[in-house]
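Analysis of the macromolecular model
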Amino acid sequence: MPETAASPFPVYIAHATDGRARLRAVGKPSEGAWHAALDALAVVPGITRTLARPNTGSLIIEADLAEDALRTLLETADCLKLKQKPPVPPLGMALQLGVLQTDEQVRKRTFGQLNLHTALGALLLVAALVQLGRGRVFGPTATLLVNALALLETGSRPR
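Thresholds applied
- Residues numbered from 1 in each chain as written.
- Predicted model: local features only at pLDDT ≥ 70, side-chain atom pairs only at ≥ 80, totals over all residues.
- Heavy atoms only, no water.
- Helix = DSSP H or I, 4+ residues; strand = E, 2+ residues; numbered from the N terminus.
- Rg over C-alpha atoms; globule rule 2.2 N^0.38 Å.
- Buried < 20%, exposed > 50% of the residue type's maximum accessible area, 1.4 Å probe, protein only.
- Contact = heavy atoms within 4.5 Å.
- Areas by Shrake-Rupley, 256 points an atom, 1.4 Å probe, with all protein chains shown as cover.
- Lys, Arg positive; Asp, Glu negative; His and termini not counted.
- Charge placed at Lys NZ, Arg CZ, Asp CG, Glu CD.
- Arc of directions from axis to C-beta.

1. Observations concerning the overall build of the protein chain
Within the protein chain, the regular secondary structure consists of five helices and five strands. In sequence order, the protein chain lays out its α and β elements as β-β-α-β-β-α-β-α-α-α. Rg of the C-alpha trace for the protein chain: 25 Å, well past the compact-globule value of 15 Å for 159 residues, more than 25% over. Viewed in the frame of its principal axes, the protein chain has a C-alpha envelope of about 70 × 35 × 25 Å. The buried share of the protein chain, reckoned over its 159 residues, is 28%. Across the protein chain, the fraction of contacts at a sequence separation of at least 24, relative to all contacts at a separation of at least 6, is 52%. Working note: accessible area of the protein chain is about 10,700 Å², and carbon and sulfur atoms make up 61% of it. For the protein chain, the distance from the average site of its 17 positive side-chain charges to the average site of its 13 negative ones is 13 Å.

2. Quick look at helix 2 (residues 67-76)
Buried residues of helix 2: Leu70, Leu73 and Leu74, and no others. Seen along its axis, helix 2 keeps its buried residues to an arc of 95 degrees; they face one direction. Residues of helix 2 that are exposed and point more than 90 degrees away from the buried face comprise Asp68, Glu75 and Thr76. Of the surrounding secondary structure, the elements contacted by the buried residues of helix 2 are strand 1 (9-17), strand 2 (20-25), strand 3 (47-53), strand 4 (58-63) and strand 5 (80-82).

What follows is the structure, encoded as structure tokens:
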């Protein structure tokens, strides 16, 4: 169901301190819902400034209130519908997503010529050459070279 100007704006409190709160929109509210929420919050006593950031899904509220009073004000505001803050994804899942996004960016910026494996392999290969130049043949050079070759081998396989 699309948001209307009269319906409460669905948000959760992402962060709050004395005098300032950042609210995150739940879902994709319409442009009219953003404007209606800003207009309704601007006239609430105690709130000094409201700012919408639809690109990031944020509403920033500044007020002459302590954090507890500001939270209470936001919880009782008729123009808002406060939801629970979504849980943080597990660390392993967040790291996997970060690696996948990094790999995709490397592919995109090198026009498909490199991926994360080959880029890291090349970096390790350069580090091995630096260590070899310093005369450290057996310890660091051998370890870096073995790891670089393993990355380059797995990075050259088709997806």
